[in-house]
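Now for the letters of each chain:
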Amino acid sequence: MEKFEVLISKGKQSYTFEVRDYLHHTGDSCKFEIYLNGAFAGGFEPDGHRGLHLCKNPGLVSEAVLHIVAERLEPYVI
């Protein structure tokens, strides 16, 4: 598992997410999990077209913010 941060701005709000990249993703869990202030904020998995889709959403942040995070993570999709 690799960890790194992603900074997102939406309107006047800024977010710093911790990203956990599960390099050996098997499909049973999300490849990427994001955390905001230590709380689980969402999970993403590859969609098969070099993009990501949301696989877990506990509702901590809006879907609009999650879509921005997904766009930022798409370059990490192998």
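Details of the structure are given in the entry above.
Here's what I pulled together on the structure shown here. Predicted model only: the values in this text are computed from it and were never measured. (Residues numbered from 1 in each chain as written. Predicted model: local features only at pLDDT ≥ 70, side-chain atom pairs only at ≥ 80, totals over all residues. Heavy atoms only, no water.)

Thoughts on the side chain of Lys-31
Right, so step 1: Structurally, the position occupied by Lys-31 is in the loop between strand 2 (13-21) and strand 3 (32-36).
Right, so step 2: Among the polar contacts listed, one links the side chain of Lys-31 to the side chain of Asp-21, at a separation of 2.7 Å. (Helix = DSSP H or I, 4+ residues; strand = E, 2+ residues; numbered from the N terminus. Polar contact = N/O pair within 3.5 Å; in protein donor to acceptor, adjacent residues only side chain to side chain.)

As for the environment of Pro-75
Right, so step 1: Relative to the elements of secondary structure, Pro-75 occurs in the segment after helix 1 (63-73).
Right, so step 2: Here Pro-75 falls in the exposed class, since its relative accessible area comes to 63%.
Right, so step 3: Residues Pro-75 and Arg-50 lie 25 residues apart in sequence; the distance between their C-alpha atoms is 8.0 Å. (Buried < 20%, exposed > 50% of the residue type's maximum accessible area, 1.4 Å probe, protein only.)

Quick look at unusual backbone geometry
Right, so step 1: Despite not being glycine, Asn-37 shows a phi value in the positive range, around 55°.
Right, so step 2: The residue Asn-37 is located in the loop between strand 3 and strand 4 (39-46) in this model.
Right, so step 3: Assessed through its relative accessible area of 77%, Asn-37 is described here as exposed.

Some points on the state of the cysteines
Right, so step 1: The tally for this structure, following the rule as stated, stands at 1 disulfide.
Right, so step 2: Through a disulfide, Cys-30 is tied to Cys-55; the S-S separation comes to 1.8 Å. Taken together, the residues span a long stretch of sequence, with Cys-30 in the loop between strand 2 and strand 3 and Cys-55 in strand 5 (residues 52-56) at a distance of 25 residues.
Right, so step 3: The buried category is assigned to Cys-30, whose relative accessible area is 2%.
Right, so step 4: Looking at Cys-55, the relative accessible area reads 31%, which means it is partly exposed. (Disulfide = S-S within 2.5 Å.)

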